[in-house]
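Descriptive structure summary
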Amino acid sequence: MNILNLLSDIEKVDPEVFDRLDSRRRVFQHLSGLGGKLAAAAVPLALGAVLNKAYAGATATQASVLEVLNYALLLEHLEANFYNLGMVNTSITGGLSANNVKALNTIRADENNHVIFLRGVISAAPFSSTPVNPAVSDFDYTGAQGGARAALFPDVLSNAATFLAVAQALEDTGVRAYKGSATDLMANKTVLEAALNIHSVEARHAARLRTMRRGGALTDRASLVAAVPGSASTSPKSWVTGRDANGPAPGKTDAVYGPGTPATGTAATIFFPAEDNLTQASANIATLLNSAAIAGLTSPNATLAASEAFDEPLDMATVKAIARNFVRTGTPTFALLS
Amino acid sequence: MSDSSFFGSGALERRTFLRVVGASAATASLVLAGCSDPAPEPTPTVQNQLLLGESDTGLLNYFYLLKQLEVAFYQKIVDTPPSNLVAGDKAAFDDLRDHGLAHRETLRFALGASTYETRLERPLAFDFSSIVLTSRVGVLTAAQQLEDLSVAAYAGALPLLVAPTTVALLAKIASVEARHAAFVRDLRTPGTFAGNDVVVNAGALQSVSLAKTPVQVVEEAKAFFLPFVVVTQSLPSA
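As annotated in an unreviewed UniProt entry, chain B carries the name Ferritin-like domain-containing protein and comes from Hymenobacter arizonensis.

Going by what an unreviewed UniProt entry lists, chain A is known as Ferritin-like domain-containing protein and is assigned to Hymenobacter arizonensis.

Here's what the structure looks like:
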């Protein structure tokens, strides 16, 4: 097999083949490494994978990696700033147990570090770009958008319970936002892996906040408190069940658990169903579990599991609409989220 | 066939080529068309080697195997709970088992006839002799180990996938694994949901979780697969 001739032939019809493969040098490093590691029989398949990776982006109509990075940075600023304001307020910290204060300070530090990390990635090669830099005053966590409308959460920065409720909505949104953009980052595997790593930290935060809300702001061993069935708004599980009864503040947080755009599609497309979705890879997972007749798994529990076991992604436009609730109208940040 | 005949005429337009190469099935045959040597003999199978396959299918089998391990573990706790479990623990382990079942059956469905099990004579029995299943702290320690490992496995292997829809599907599971990990860690030691041992606490990657490659994950979990040895060499590594 002559890989060099094959690539050379591809180049005759697609002069950009080597650009698609990152660089000529990297392709040959990749292939020579494969040759050392794999049986000869596996090389054609491995080369197929290389070509698939190279051409996956050729047909994609997806946002650029840099656009996603700046979008993620805006969301991290939204979160970091929220904890920065709340956790210096004694009316918040005074309403929380010692363990809960510690947990929220951990989350606060993580979010601020995510901001630093993303700014570093955007500033460095290959992007070498200037990261977006929203002003602290652009945010309004009451949901009044700087006075443009009535506040959704008037006591968010003075009441621990409200603070935790908004925190849960922000973290659950963050999880869905990173997930919704994952496939847009496949052109840069380093960024994709970093984003998936941040994504999992956001999910850890969300789980902890849900645990705290379930146990109560002043309960130190919140994890020992079980969720009250049927009370997902006030007593959430650490994972999302159905639409979580529209979230911590029904009527205000519905979109965090609702569908994105497009909400439906086939197994071959990327789409953004609501959190109560039961279908994965075109199979109804509840039906799949029931037909597997697994000992000890009741039909109602199969339906719950089919929803809870999968966090659903959200598209950029839907996430931006959620984020705008916490931004003053007329500011540069509001414009970036529009 | 000779190397030049496929493209030799120059009649293949770039647009056509992009369309052809965009389909993965076509890619495999195109690449195979570049071969002039007869296919080499397959590597002989060594006894107790567990082969996962290649490319996206191999990675799906890797996640399927890890999920089978997790479900088998939770099933043991649900069947024979340690006597000192506290109120609420049992319901939590039921949820973790049920979620694992949903993931396992989804992965099995996605793999169809390509599960690694078709190459086995009998289903894998996992070896839990390395962990303590008879005390609360024992099962929470093991659950934390498995959930943290799973979180790292998803972050490390998703970038190795080729099909965007598979990335999208597995990303839905990845964050639920992180929720599980955080919950189990808090059950064991409150406040450790994003502890320094799983989330980097210094340097440029501060507050970013640690991804692990399939090779690293299988190495950490190898005791559970005994007497089988999971072969990772065929999985994508870049």
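Now for the environment of Val 121 of chain A. Residues and elements named next belong to chain A. Turning to its location among the elements, Val 121 is positioned in helix α7 (residues 98-123). Considering only alpha carbons, one finds Val 121 and Asn 70, 51 residues apart in sequence, at a separation of 10.0 Å. Once you skip the residues sitting within four places of it in the chain, Val 121 turns out to touch Leu 69, Phe 127 and Val 191.

So, about the packing of helix α3 (residues 55-79) of chain B against helix α5 (residues 136-157) of chain B. All names here are of chain B. Running from N to C, α3 and α5 cross one another at 165 degrees; their axes reach a closest spacing of 11 Å. Looking at the two axes, α3 sits roughly antiparallel to α5. Relative to α5, the crossing made by α3 is left-handed. Contact residues: Leu 59, Tyr 62, Phe 63, Leu 66, Lys 67, Leu 69, Glu 70, Phe 73, Tyr 74 and Ile 77 in α3; Val 139, Ala 142, Ala 143, Leu 146, Glu 147, Ser 150, Ala 153, Tyr 154 and Ala 157 in α5. Considering only residue class, the contact of α3 with α5 consists of 15 nonpolar, one polar and three charged.

A few words on the packing of aromatic side chains. Summed over the entire model, instances satisfying the criterion amount to 16 aromatic pairs over all chains. Measuring from ring centre to ring centre gives 6.1 Å for Tyr 83 of chain A and Phe 163 of chain A, while their planes differ by 85 degrees; the resulting arrangement is edge-to-face. With Tyr 83 of chain A in helix α5 (residues 65-86) and Phe 163 of chain A in helix α8 (residues 160-181), this pair connects stretches of sequence that are 80 residues apart. A ring pair is formed by Phe 73 of chain B and Tyr 74 of chain B, whose centres lie 5.1 Å apart and whose planes are at 55 degrees; its orientation type is tilted.

Another point: the pattern of salt bridges. Tallied over the full model, the rule gives 24 salt bridges over all chains. Between Asp 94 of chain B and Lys 90 of chain B there is a salt bridge; the shortest N-O distance is 3.2 Å. Taken as a pair, Asp 94 of chain B and Lys 90 of chain B lie in helix α4 (residues 89-111) at a separation of four residues, close to a single helical turn. Ionic pairing is found between Arg 185 of chain B and Asp 148 of chain B, a salt bridge with its closest N-O pair at 2.3 Å. With Arg 185 of chain B in helix α6 (residues 164-188) and Asp 148 of chain B in helix α5, this pair connects stretches of sequence that are 37 residues apart. Exposure class is identical for Arg 185 of chain B and Asp 148 of chain B. Each is buried. What emerges from the salt-bridge pattern is a single network uniting Asp 172, Arg 210, Asp 244 and Asp 311 of chain A together with Arg 179 of chain B.

Calculation criteria
Residues numbered from 1 in each chain as written. Chains lettered and ligands numbered in written order. Predicted model: local features only at pLDDT ≥ 70, side-chain atom pairs only at ≥ 80, totals over all residues. Heavy atoms only, no water. Helix = DSSP H or I, 4+ residues; strand = E, 2+ residues; numbered from the N terminus. Contact = heavy atoms within 4.5 Å. Axes fitted to C-alpha atoms, helices over the stretch in contact; angles between N-to-C directions. Parallel < 35°, antiparallel > 145°, perpendicular 65-115°, else oblique. Left-handed = near helix turned anticlockwise from the far one by under 90°. Nonpolar A, V, L, I, M, F, W, Y, C, P; charged D, E, K, R; others polar. Phe/Tyr/Trp six-rings, centres within 6.5 Å; stacked < 30°, edge-to-face > 60°. Salt bridge = Lys/Arg side-chain N within 4 Å of Asp/Glu carboxyl O. Buried < 20%, exposed > 50% of the residue type's maximum accessible area, 1.4 Å probe, protein only.

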